[in-house]
Each structure stands twice: as structure tokens, then as C-alpha cells.
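# Per-entry structural report
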Amino acid sequence: MKWYESIKGVLGCRIDKVCILSPSISFTDWLRSQQESIEDVSIMEGHKKDVKYFLETIKVFGELEIKMNPYESNFSLEIPEGPTHLHIHTSEFINYDQLLRLKAQFIYLDESFLTNQEINRFLESWMSCESHLDLKFFKINIYGMEAVNKIMNLPHEVITDGYKIRRCDGKEATVRIFWRSMRLLTH
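I will try to describe carefully the structure that is included in this document. Since the model is a prediction, treat every value here as computed from it, not as a measurement.

## Some remarks on the overall build of the protein
- If you tally the helices and strands in the protein, you get six helices and twelve strands.
- Principal axes of the C-alpha set define a box for the protein whose edges measure 60 × 35 × 25 Å.
- Residues counted as buried form 47% of the 187 residues belonging to the protein.
- Taken as a whole, the protein presents about 10100 Å² of accessible surface, with 51% of it coming from carbon and sulfur.
- Looking at the protein, you have 23 positive and 27 negative side-chain charges, and the mean spots of the two groups are 2 Å apart.

Given below as C-alpha cells:
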């Protein structure tokens, strides 16, 4: 922090990317004293209250990557609006209602506990223009190829490399289902 303050005084530079092992409240307050927003943030681990404070205090407008493990039972963490890219490595705390509130254009959810039916409802909400109108890419883990029948139980067209679905406003997306993941790419 002292090094940055010295450099900033000479060069007037801005922090564009931060990779934090565990955000402390003092670090968050220091960063906030330097600038109100930051483009890219990676949080490796940390206590829920410290991560929550960081996300409430610093506006992330580019990529937000969270790798922390939710060790507590009933762990919850509200993801703020703002990031264009959201990658949550252990996303078991993201429930269906919170998924609908995520506003990022690119969403990667690893180790999700969302059911196949909830993923199907998510696709239906996208198709009916109820949520995620700006979504460009979505990736989530699934369990087994039998998930295809439950997830794709909606109007679609089978194409060479997946399924084509269409939103009610005419926008299309390709859904590809692999052994362990489902990916949606809008076009």
C-alpha cells in the first residue's frame, strides 16, 4: 500500500486489477480511499463479513471472480450489480432467486447446487424476456447426460453442436450440454 501511494504521487496511476487472498476491512477502506471503483477483482478466500464489506464498498465494473469456499452452513452472499463478467468457483450459495438477480453479461457458476429443473426455469425466464436480457454467455455445472431431458424440456431446435433456443423478442442462443456443464451462448 505504501509502495502504491508513492508511485501514485509520481505517476498518478489507477488500480485496475486486484487479486486478494483475503480482503480485510482495513485493506478495503484503504482501497476505497484511493478510488471508488475498480475494473477487475479476484477474491481467493476470506470471511463472509469481510468479503461482503468489500463488495458493498468497492464497485467492480469489469470482472469479479470469487474463489472462496462457503464453509458455514446457510452461507449467503449477495453479488452486487456492476460486473460484466462474474465467475464464482464455489457457487453452491447461489440459489435460483439470486441467479435471477445476477446482471452480468458473462456468468460462470462452478460447483452449483441448482437443480436441472431450476436451470430449465432459468432458460425459460430468458426465453420469455423475464430476466438476463443482456446475457451473452452462461456456464453452469450439471450432473450427467440425463440432465439434458429435464433442462431442455422447452421449445428448441436440435443443431449440429447443441440446441438452438429463441427468446420471445427473436434473439437466439445456442445451448451446449457436456458431461459436466451446460453452456449458453447468445447471438
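Next, the rest of the story.
## Looking at the pattern of salt bridges
- Enumeration according to the criterion identifies eleven salt bridges in this entry.
- In this structure, the salt-bridge partner of Glu172 is Arg166, at a minimum N-O distance of 2.2 Å.
- Residue Arg166 is classed as partly exposed on the basis of its relative accessible area, which comes to 45%.
- We note a salt bridge from Arg167 to Asp169, for which the minimum N-O separation is 2.9 Å.
- The class for Arg167 is buried, based on a relative accessible area of 6%.
- Through salt bridges with shared partners, a single network forms among Glu157, Lys164, Arg166 and Glu172.

## Some points on the packing of aromatic side chains
- All chains considered together, the criterion is met by four aromatic pairs.
- Judged by centre distance (6.0 Å) and plane angle (35°), the rings of Phe27 and Trp30 are tilted. Of this pair, Phe27 and Trp30 both sit in helix H2 (residues 25-34), separated by three residues, roughly a single helical turn. Trp30 carries the same exposure label as Phe27, and that label is buried.
- Centre to centre, the rings of Phe75 and Phe93 are 5.2 Å apart; their planes meet at 80°, and the pair counts as edge-to-face. Note that Phe75 is positioned in the loop between strand S5 (63-66) and strand S6 (85-88) and Phe93 in the loop between S6 and helix H4 (96-101), a separation of 18 residues in sequence. As far as the burial class goes, Phe75 and Phe93 line up, both buried.
- A cation over a ring is seen here: Arg121 above Tyr96, with NZ or CZ 3.9 Å from the ring centre.

Reading the values: the criteria
Residues numbered from 1 in each chain as written. Predicted model: local features only at pLDDT ≥ 70, side-chain atom pairs only at ≥ 80, totals over all residues. Heavy atoms only, no water. Helix = DSSP H or I, 4+ residues; strand = E, 2+ residues; numbered from the N terminus. Buried < 20%, exposed > 50% of the residue type's maximum accessible area, 1.4 Å probe, protein only. Areas by Shrake-Rupley, 256 points an atom, 1.4 Å probe, with all protein chains shown as cover. Lys, Arg positive; Asp, Glu negative; His and termini not counted. Charge placed at Lys NZ, Arg CZ, Asp CG, Glu CD. Salt bridge = Lys/Arg side-chain N within 4 Å of Asp/Glu carboxyl O. Phe/Tyr/Trp six-rings, centres within 6.5 Å; stacked < 30°, edge-to-face > 60°. Lys NZ or Arg CZ within 6 Å of the ring centre and 35° of its normal.

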